[in-house]
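A look at the structure
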Protein chains: 2
Amino acid sequence: MYVIAVYDMEAERTQLMLSLLRRYLTHVQNSVCEGELTDAQYAVLTEEIEETVKPNESVILYQLRDDNWLNRKIYGSDPMDDHRLI
Amino acid sequence: MYVIAVYDMEAERTQLMLSLLRRYLTHVQNSVCEGELTDAQYAVLTEEIEETVKPNESVILYQLRDDNWLNRKIYGSDPMDDHRLI
């Protein structure tokens, strides 16, 4: 499956969520990670997200069977090109 | 088609991109909009994004044929619930 994760955390906890997501996915833009996951990885990731996220924070996971159905286009710069992503 | 738009703009230009995207899509999280578009709407939107975005900024459009292939899950709060989204 292909997964896109977007997150909106308390400022000082953003790094916490980013570190969690980056263990499974690629950081592609400010609060966005994406990548291919197995069912087992997805199950573990969602459990860790549930344990981490606070009620006033938000994580949205978009899950697709695979990226064959996905067309991805970047406008402006690709943050992954110039390694602006920490 | 179903479209997810994520954007990373200069701080003072974030509202500019959000206003553009909200003419076509729903604002669902901090820098994320999504929704159903016709081919014609997609063509106009992408043209406007190209005219608006600066080289140091970034917009990623994820385009799916339709949302039948998409599973969407929210962890924490849904910003759309309590109208935190301006």
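Under an unreviewed UniProt entry, the name given to chain A is CRISPR-associated endoribonuclease Cas2, and the source organism is Haloferax gibbonsii. If you open the UniProt record of chain A and go to Cofactor (unreviewed entry), you find "Mg(2+)". One UniProt comment on chain A, placed under Sequence similarities (unreviewed entry), says "Belongs to the CRISPR-associated endoribonuclease Cas2 protein family."

Some details on the interface of chain A and chain B
Reports of interface size often rely on the accessible area that becomes lost once the parts have come together. Contact with chain A, which involves 37 residues of that partner, is made by 37 residues of chain B. Taken over both partners, the interface formed by chain A and chain B buries close to 3,300 Å², and the fraction arising from carbon and sulfur atoms is 53%. On the chain A side of the interface with chain B, the three residues burying the most area are Tyr62, Trp69 and Tyr75 of chain A, jointly 25% of the side's total. At the boundary of chain A with chain B, the tally comes to two salt bridges. Taken together, the links from chain A to chain B amount to 20 residue pairs in polar contact (both at pLDDT 80 or more). Counting residues per element, the ones that place at least two in the side of chain A that touches chain B are β1 (2-8), β2 (26-29), β3 (32-36), α2 (39-52), β4 (58-64) and β5 (70-76) of chain A. Taken together, the seven bridges between β4 of chain A and strand β5 (residues 70-76) of chain B define a ladder with antiparallel strand orientation. Within the sheet, the bridge partner assigned to serine 58 of chain A lies in β5 of chain B and is glycine 76 of chain B.

Description of the pairing of strand β4 (residues 58-64) of chain B
Within a regular beta strand, the side chains point alternately toward one face of the sheet and then the other, so they alternate between its two faces. All names here are of chain B. Counting buried positions along β4 yields seven of seven residues, so the element is predominantly enclosed. Where strand β1 (residues 2-8) meets β4, seven bridges bridge the pair, whose relative direction is antiparallel. Across the sheet, the residue bridging to alanine 5 is leucine 61, located in β4.

What about the relation of the copies chain A and chain B?
Two chain copies, one operation linking them: a rotation about an axis together with a shift along it. Screw-axis analysis of chain A against chain B gives a translation of 0.0 Å along the axis, an RMSD of 0.0 Å, and a rotation angle of 180 degrees. The symmetry that links the two subunits is that of a two-fold axis. A symmetric contact is evident, with 100% of the interface residues of chain A recurring at the interface of chain B.

Some details on the layout of surface pockets
Considering only enclosed or pocket space, the largest pocket measures out at about 170 Å³ in volume. If you trace the largest pocket, you find 14 residues lining it, with Asn30 and Ser31 of chain A together with Tyr7, Asn30 and Ser31 of chain B closest to the centre. At the level of secondary structure, the elements contributing two or more residues to the lining of the largest pocket comprise β1 of chain A together with β1 of chain B.

What about the UniProt feature "binding site: Mg(2+)" (unreviewed entry) in chain A?
UniProt records the feature "binding site: Mg(2+)" (unreviewed entry) at Asp8 of chain A, using the numbering of this structure. Take aspartate 8 of chain A: it is sitting in strand β1. Judged by relative accessible area, which is 22%, aspartate 8 of chain A ranks as partly exposed. Those residues in contact with aspartate 8 of chain A that lie beyond four places of it in its chain are Glu57 and Ser58 of chain A together with Gln29 and Asn30 of chain B.

Let's talk about the pattern of salt bridges
Taken as a whole and judged by the stated rule, the model has 10 salt bridges over all chains. Ionic pairing is found between arginine 13 of chain A and glutamate 57 of chain A, a salt bridge with its closest N-O pair at 2.7 Å. With a gap of 44 residues between them, arginine 13 of chain A in the loop between β1 and α1 (14-22) and glutamate 57 of chain A in the loop between α2 and β4 connect regions that are remote in the sequence. Summarising the burial analysis for this pair, arginine 13 of chain A and glutamate 57 of chain A share the class buried. Between lysine 73 of chain B and glutamate 50 of chain A there is a salt bridge, and its shortest N-O distance comes to 3.8 Å. Pair noted here: lysine 73 of chain B is in strand β5 and glutamate 50 of chain A is in helix α2, and the two residues belong to different chains. With relative accessibility at 48%, the residue glutamate 50 of chain A sits in the partly exposed group.

Procedures and definitions
- Residues numbered from 1 in each chain as written.
- Chains lettered and ligands numbered in written order.
- Predicted model: local features only at pLDDT ≥ 70, side-chain atom pairs only at ≥ 80, totals over all residues.
- Heavy atoms only, no water.
- UniProt positions renumbered as here; feature names shortened; annotations may be inferred.
- Contact = heavy atoms within 4.5 Å.
- Buried area = accessible area lost by both parts, 1.4 Å probe.
- Salt bridge = Lys/Arg side-chain N within 4 Å of Asp/Glu carboxyl O.
- Polar contact = N/O pair within 3.5 Å; in protein donor to acceptor, adjacent residues only side chain to side chain.
- Helix = DSSP H or I, 4+ residues; strand = E, 2+ residues; numbered from the N terminus.
- Pairing = 2+ DSSP bridges.
- Buried < 20%, exposed > 50% of the residue type's maximum accessible area, 1.4 Å probe, protein only.
- Least-squares fit on C-alpha atoms with pLDDT ≥ 70 in both.
- 1 Å grid on protein atoms, 1.4 Å probe; cavity = no way out; pocket = protein on both sides within 12 Å on 5 of 7 lines; lining within 4 Å.
- Points joined across faces, edges and corners; volume = space filled by probe spheres on them.

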